[in-house]
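As a plain string of letters, each chain reads:
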Amino acid sequence: MKRGYLLLRCLAVVFLIAVFSCATPRVELTSVWKDQSYKGGFFKKILVISAARKDAIRNFSEDEFSRQLKGRGPEAIQSYTMIPFAKMLDKAVVADKIRGMGLTAYL
């Protein structure tokens, strides 16, 4: 009896997933908005900041993101090379470190 009830519940879940997955509309990109007055060009120097709670994860994610950015052109700088993990929550310290670096963006 338990086995039949469990099978029935599993089939009901599979059926509901199938119904709801078919009910979602397809998203199609029909147009692109861009500001015609923007004349800034591409980013040239980017500071990569990760919000990870562990140093190892922060370092890895910033390294990987920087590597992928460098492959596309801009210079990417990892924040862990200049801001220690313990100081990342201090907005004044972070602002002092990045001021005057000539950054065009920070991610």
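Fair warning: this is a prediction, and the values are worked out from it, not measured in the lab.

**Student:** What is the right way to look at the sheet that holds strand β2 (residues 75-78) in this model?
**Tutor:** Neighbouring strands of a sheet are bound in pairs by backbone hydrogen bonds; such pairs are parallel or else antiparallel. If you trace the 3 strands from one edge of the open sheet to the other, you get β2-β1-β3, paired in parallel fashion. Two strands lie at the open edges of the sheet, namely β2 and β3 (105-106), each paired on one side alone. Sheet topology note: the strand β1 (residues 45-48)/β3 ladder contains 2 bridges and is parallel. The residue bridging Leu47 from the neighbouring strand is Tyr106, located in β3. Helix α2 (residues 55-70) rests against β1 and β2 of the sheet, and its axis sits at about 170° to β2.

**Student:** Would you take a moment to explain the pairing of β2 for this structure?
**Tutor:** As a general feature of sheets, a regular strand has side chains that alternate between the two faces. Bridge analysis of β1 against β2 gives 4 bridges, and the strand direction is parallel. Looking across to β2, one finds that Val48 is bridged to Gln78. Running through α2, the crossover from β1 to the neighbouring parallel element β2 is right-handed.

**Student:** Is there a simple way to explain α2 in this structure?
**Tutor:** One turn of an α-helix holds 3.6 residues; hence residues three or four places apart share an orientation. In this model, α2 (16 residues) spans 22 Å end to end at C-alpha, consistent with the 22 Å of a helix rising 1.5 Å per residue. Of the residues making up α2, those classed as buried are Arg58, Glu62, Ser66 and Leu69. Within α2, the buried residues cover an arc of 60° as seen down the axis, which keeps them to one side. For α2, exposure combined with an orientation more than 90 degrees from the buried face picks out Ala56, Phe60 and Arg67. On the buried face of α2, the contacting elements are β1 and β2.

Cut-offs applied
- As a convention, each chain's residues are numbered from 1 in the sequence order in which they are written.
- With pLDDT at 70 or above as the cut-off, local features in this predicted model cover only qualifying residues; side-chain atom pairs require 80 or more to be listed or tallied, and sums for whole chains, interfaces and linings still use all residues.
- Excluding hydrogens and water, the side-chain figures rest on all heavy atoms present in the structure.
- Strand pairing is assigned whenever DSSP detects at least two bridges linking the two strands.
- Think of it this way: any DSSP run of H or I at least four residues long counts as a helix, any run of E at least two long counts as a strand, and we number them from the N terminus.
- When checking whether two residues touch, look at their non-hydrogen atoms; a contact exists if any pair is within 4.5 Å.
- To get an axis, fit a line to the C-alpha atoms, keeping to the stretch in contact for a helix; angles then go from 0 to 180 degrees between the N-to-C directions.
- Here a crossover is taken to be right-handed if, once the strands point away from the viewer, the path from the first strand over the helix to the second is traced clockwise.
- The length a helix should cover is 1.5 Å for every residue beyond the first.
- With a 1.4 Å probe rolled over the protein chains alone, any residue whose accessible area is under 20% of its type maximum counts as buried; one over 50% counts as exposed, and the rest are partly exposed.
- Working definition: the arc comes from the directions between the helix axis and the C-beta atoms, pointing outward to the latter.

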